[in-house]
Amino acid sequence: MLSHTDLEIIDWIARLGAAAAEDVMRHFGLTAGQARHHLAACTRAGMLGRCRLLCDRPALFVARRAGLTLVGRSELAPARVSVASYEHWRACALVALELETEHPGAVLSDRELRVREREVGRAIASAELGLLRRTGEPAIHRPDLAVCDGDDWPRAIEVEIAVKAPRRLQAIVRAWARTRSISGVTYYASPRAARAVARAVAAMYAEDVVDIRPLPAEPVSAQAVPAGPSASDTDRGHPTRGARQCQPFTSTE
């Protein structure tokens, strides 16, 4: 039988999308052994799936359909982690953990934001990029995370690892600068991406709207992980050279 802590872990991972054991340790104040115990129980019960895509990087856990239903999050789809998206999922979890220390209970993932905006029928912390050619409906750009803290205007959070094309990035920054439903935007970016964002912000005169910060450092304990067994990858994305492929849902040792 799953414990109350198990259910809390499933719910948190369901909301976030994907997280490593180290993230669970930090968020719930657990030891490494306790985190492994709870994650193993949730995985054996079929509530969580364990994904090891890169042999030198921490495995990520995602909520399976049964886990989403169990914790009342059936409106969310199971997250799909691929080699191509792994680093972004990892960075989003680290940024979420940092934000939660400053804004406990106020951090939303893009998954949660999409559901809330669908429920209220309007943008909460998203920007309009123009109109879709086929339908004429607004083209919506959602941030990776959002901070909705009490009665204050939401703050959009972007996690930028790769460098976007200049025109694309300028269009997004311009859209954020025109959005009146947010207090501003914070970009957590890699060094190269931060320079690109800074150029786009300067070009769009959006310095008063956009704040740029470095990505949170990954805990040393999570940077070197023993390699797990390999298996075929059924997720989208093409494995990079030297990457270990795996099923998105495998058992925890």
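Residues numbered from 1 in each chain as written. Predicted model: local features only at pLDDT ≥ 70, side-chain atom pairs only at ≥ 80, totals over all residues. Heavy atoms only, no water.

Turning to the overall build of the protein chain, a few remarks are in order. Scanning the protein chain from terminus to terminus reveals eight helices and 10 strands. The burial tally for the protein chain puts 47% of its 253 residues in the buried class. When contacts within the protein chain are restricted to residue pairs at least 6 apart in sequence, long-range pairs at least 24 apart make up 68% of them. For the protein chain, the accessible surface area stands at approximately 13100 Å², while carbon and sulfur atoms represent 51% of it. (Helix = DSSP H or I, 4+ residues; strand = E, 2+ residues; numbered from the N terminus. Buried < 20%, exposed > 50% of the residue type's maximum accessible area, 1.4 Å probe, protein only. Contact = heavy atoms within 4.5 Å. Areas by Shrake-Rupley, 256 points an atom, 1.4 Å probe, with all protein chains shown as cover.)

Right, let's get into the sheet that holds strand β1 (residues 19–20). Strands pair in a sheet through their backbones, by hydrogen bonds, and they do so in one of two ways: parallel or antiparallel. Sheet architecture is open: three strands sit in the order β1-β3-β2, paired in antiparallel fashion. Edge positions in the open sheet fall to β1 and β2 (48–51), since each of these has one partner strand only. Across the sheet, helix α1 (residues 4–16) lies against β1, β2 and β3 (60–63), angled at about 95° from β3, the strand it touches most. (Pairing = 2+ DSSP bridges. Axes fitted to C-alpha atoms, helices over the stretch in contact; angles between N-to-C directions.)

Turning to helix α2 (residues 21–28), its buried residues number three or more, namely Glu 22, Asp 23 and Val 24. In the core, the buried residues of α2 are packed alongside α1, β1, α3 (32–44) and α5 (86–102). Positioned one or two residues after α2, Gly 29 has a phi angle of 65°, which is positive.

Another point: the environment of Ala 139. Position of Ala 139 relative to the elements: it lies in strand β6 (residues 138–141). Residue class for Ala 139 comes out buried when judged on its relative accessible area of 18%. When the C-alpha positions of Ala 139 and Ala 127 are compared, they lie 8.4 Å apart, and in sequence the two are 12 residues distant.

Pairing between side chains becomes possible if they bear opposite charge and their charged atoms approach one another. Summed over the entire model, instances satisfying the criterion amount to nine salt bridges. With a closest N to O distance of 2.7 Å, Arg 73 and Asp 11 form a salt bridge. Separated by 62 residues along the polypeptide, Arg 73 in the loop between α4 (65–70) and α5 and Asp 11 in helix α1 bring together distant segments of the chain. With relative accessibility at 22%, the residue Arg 73 sits in the partly exposed group. With its nearest N and O atoms 3.2 Å apart, the salt bridge here joins Arg 90 to Glu 218. Residue Arg 90 is found in helix α5, and its partner Glu 218 is found in the segment after β10 (210–214); the two are separated by 128 residues along the sequence. A single burial state applies to Arg 90 and to Glu 218, both of which are buried. (Salt bridge = Lys/Arg side-chain N within 4 Å of Asp/Glu carboxyl O.)

The strand order β4-β7-β8-β9-β10 describes an open sheet built from five strands, whose pairing is mixed. Two strands close off the open sheet at either side, each with one partner strand: β4 (107–109) and β10. Each adjacent strand pair in this sheet contributes to an overall mean axis angle of 25°, direction not counted.

Our focus in this paragraph is the side chain of Asp 23. Note that Asp 23 resides in helix α2. Overall, Asp 23 belongs to the buried group, its relative accessible area being 0%. At 2.8 Å, the side chain of Asp 23 and the backbone nitrogen of Ala 20 are in polar contact. Setting aside residues no more than four positions away along its own chain, Asp 23 makes contact with Trp 12, Arg 90, Ala 93, Leu 94 and Leu 97. (Polar contact = N/O pair within 3.5 Å; in protein donor to acceptor, adjacent residues only side chain to side chain.)

Even without a glycine there, the phi angle at Tyr 205 is positive, about 50°. The exposure class assigned to Tyr 205 is exposed, which follows from its relative accessible area of 72%.

Below, the discussion takes up helix α8 (residues 191–203). Taking 1.5 Å as the rise per residue, α8 with 13 residues should run 18 Å; its terminal C-alpha atoms sit 19 Å apart, in good agreement. Structurally, α8 contributes buried residues whose contacts are with β8 (155–160), α7 (166–178), β9 (184–189) and β10. After α8 finishes, the residue Tyr 205 shows a positive phi value of roughly 50°. (Expected span 1.5 Å × (residues − 1).)

A few words on the nonpolar core. In terms of nonpolar packing, the biggest core is built from 34 residues, with Ile 13, Leu 48, Leu 99 and Leu 145 touching the most fellow members. When contributions to this core are tallied by element, the ones reaching two or more residues are α1, α3, β3, α5, β7 (145–147) and β8. Here this core gets seven residues from one element, more than from any other, and that element is α5. Among the nonpolar cores identified, the runner-up in size contains 20 residues, and Leu 169, Val 173, Ile 182 and Tyr 187 belong to it. (Core = buried A, V, L, I, M, F, W, Y, C linked by side-chain atoms within 4.5 Å.)

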